[in-house]
Amino acid sequence: MFTGIIEEVGEITAISPSGDGWRLTVRAPKAASDAVHGESIAVSGVCLTVVGSSADSFDADVMKQTLDVAALGDAAVGTRVNIEKAMPVGARLGGHIVQGHVDGVGRVLEVRPGAQWSVLRVGLPADLAPLVVDKGSISVDGTSLTVSAVSTPPSTTDAWFEVSLIPETLAATTLGTRAVGDRVNLETDILARHVERLLAFRAAPEGGSR
């Protein structure tokens with residue numbers, strides 16, 4: 001489990017085929033300094049398992065399914081990525097509960113820079129729109145953020161949400177360099193997903209399934 005508080009910005013330094021997926025080498029000195037085989041590290045919101053490490057880099061395999069559903073499939077050598085190691089038991093939860101399981105990919109629709117703040121508007125897949133609420137939590141490329149505005153339901157064909165980025169977030173994550181058209185990994189609040197699932201069963205006809 002993660003919190004969405006980014007520890008450092010890493011860089012993909014190598015990509016090689018691994019079965020039908022990839023093996024990534026990520027330069028991230030802070031994360032790699034004490035990385036051990038088998039531990040979990042979130043790479044721009046995607047939970048990956050360390051399969052090797054050096055003093056300043058770690059290796060991880062990415063399966064085809066992940067490449068198909070996450071923006072990580074757009075990565076190339078030189079791509080900068082947000083890095084967070086798994087939260088240890090008993091640690092303070094600074095952001096919100098993030099699993100590192102990407103629900104879908106959004107696309108940056110608008111960037112409104114200000115004197116200190118910057119607002120991102122992100123297009124939202126229709127199936128995720130009901131799970132994103134104003135003042136709720138969402139993970140964008142692994143970063144825990146508070147939703148500052150949402151599109152009006154019930155239309156989900158052009159759904160969007162906005163997040164307001166403080167200077168620290170702009171400087172300490174890759175979100176400060178996002179531009180219109182960029183694809184980003186999205187993970188909705190796990191509590192909202194559980195509620196949606198419970199309601200689906202309650203709405204299903206007796207004796208049936210949904």
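A short tour of the structure in this document, coming up. Owing to the predicted nature of the structure, the values given are computational and were not obtained by experimental measurement. (Residues numbered from 1 in each chain as written. Predicted model: local features only at pLDDT ≥ 70, side-chain atom pairs only at ≥ 80, totals over all residues. Heavy atoms only, no water.)

### Describing the pairing of strand β6 (residues 80–85)
Test applied: Exposure is judged per residue with a 1.4 Å probe applied to protein chains only, and the accessible area is read against the type maximum: over 50% gives exposed, under 20% gives buried, and values in between give partly exposed. Runs of H or I in DSSP of at least four residues are treated as helices and runs of E of at least two as strands, each being numbered from the N terminus. Strands were regarded as paired on the criterion that DSSP finds at least two bridges between them.
In terms of residue burial, β6 counts as a mostly covered element, since 5 of its 6 residues are buried. The pairing of strand β1 (residues 8–18) with β6 spans 4 bridges and is classified as antiparallel. Across the sheet, Gly-10 pairs through a bridge with Val-81, a residue of β6. One ladder, built from 3 bridges, connects strand β3 (residues 40–43) with β6; its direction is antiparallel. The partner of Ile-41 across the bridge, within β6, is Lys-85.

### Some thoughts on the sheet that holds strand β12 (residues 183–188)
Our working definition: To get an axis, fit a line to the C-alpha atoms, keeping to the stretch in contact for a helix; angles then go from 0 to 180 degrees between the N-to-C directions.
The strand order around the closed barrel built from 6 strands is β7-β8-β11-β10-β9-β12, with neighbouring strands paired in antiparallel fashion. Taking the axes of each pair of neighbouring strands and ignoring which way they run, one obtains an average angle of 45 degrees across the sheet. Across 4 bridges, strand β7 (residues 104–113) lies against β12 in antiparallel orientation. What sits directly across from Gly-106, in β12, is Val-184.

### What to know about the packing of aromatic side chains
Threshold: Pairing of aromatic rings covers Phe, Tyr and Trp, the last counted by its six-membered ring, and requires centre-to-centre distances within 6.5 Å; plane angles under 30 degrees mean stacked, over 60 mean edge-to-face, and any other angle means tilted. Sitting over a ring, as applied to charges here, requires NZ of Lys or CZ of Arg to be within 6 Å of the ring centre and within 35 degrees of the ring normal.
Evaluation of the coordinates by the stated rule reveals 0 aromatic pairs. Directly above the ring of Trp-160 sits Arg-121, whose terminal nitrogen or CZ lies 3.6 Å from the centroid.

### Focus on unusual backbone geometry
Not every positive phi belongs to a glycine, and Lys-135 is a case in point at roughly 75 degrees. By the secondary structure assignment, Lys-135 is in the loop between β8 (118–123) and β9 (137–140).

### A closer look at the pattern of salt bridges
What counts is decided by this rule: Put simply, a salt bridge is a Lys or Arg side-chain nitrogen that is within 4 Å of an Asp or Glu carboxyl oxygen.
Summed over the entire model, instances satisfying the criterion amount to 13 salt bridges. Lys-85 is the salt-bridge partner of Glu-39, the closest N and O atoms lying 3.5 Å from each other. One end of the pair, Glu-39, is in the loop between α1 (29–32) and β3; the other, Lys-85, is in strand β6, with 46 residues separating them in the sequence. You can call Lys-85 buried: its relative accessible area is 13%. Arg-112 is the salt-bridge partner of Glu-162, the closest N and O atoms lying 2.9 Å from each other. Here the residue Glu-162 occupies a position in strand β11 (residues 160–165), and Arg-112 occupies one in strand β7, the gap between them amounting to 50 residues. On the basis of relative accessible area, Arg-112 is assigned to the partly exposed category, the value being 33%. Among the charged side chains, a network of salt bridges with common partners joins Glu-110, Arg-112, Arg-121 and Glu-162.

### Things to note about the side chain of Arg-193
The condition is simple: For this analysis, a polar contact is any N or O atom pair within 3.5 Å, provided that within protein one partner can donate a hydrogen and the other can accept it, and provided that sequence-adjacent residues contribute only side-chain to side-chain pairs. The contact criterion used throughout is that any non-hydrogen atoms of two residues lie within 4.5 Å.
As for its position among the elements, Arg-193 is in helix α4 (residues 190–203). Here Gln-99 takes part through its side chain, which lies 2.5 Å from a polar atom of the side chain of Arg-193. Once you skip the residues sitting within four places of it in the chain, Arg-193 turns out to touch Gln-99, Asp-103, Leu-131, Glu-187 and Thr-188.

### Digging into the sheet that holds strand β4 (residues 46–53)
By definition, the strands of a sheet pair up through backbone hydrogen bonds, in either a parallel or an antiparallel sense. Reading around the barrel, the 6 strands line up as β1-β2-β5-β4-β3-β6 and close back on themselves, with antiparallel pairing between neighbours. Averaged over all neighbouring strand pairs, the angle between strand axes comes to 45 degrees, with direction disregarded.

### Digging into the nonpolar core
Threshold: Only buried Ala, Val, Leu, Ile, Met, Phe, Trp, Tyr and Cys residues count toward a nonpolar core, and they belong to the same one when joined by side-chain atoms within 4.5 Å.
Formed by 20 residues in total, the largest nonpolar core has its most connected members in Leu-24, Val-26, Val-43, Leu-48, Phe-58, Leu-72 and Ile-83. For this core, the secondary-structure elements that each account for two or more residues are β2 (21–27), β3, β4, β5 (57–62) and β6. The contacts of Val-26, once residues within four sequence positions are left out, are Glu-11, Ile-12, Thr-13, Asp-56, Ser-57, Phe-58, Val-81 and Ile-83. Judged by nonpolar contacts, the second largest core, of 19 residues, contains Val-108, Leu-120, Leu-124 and Val-147.

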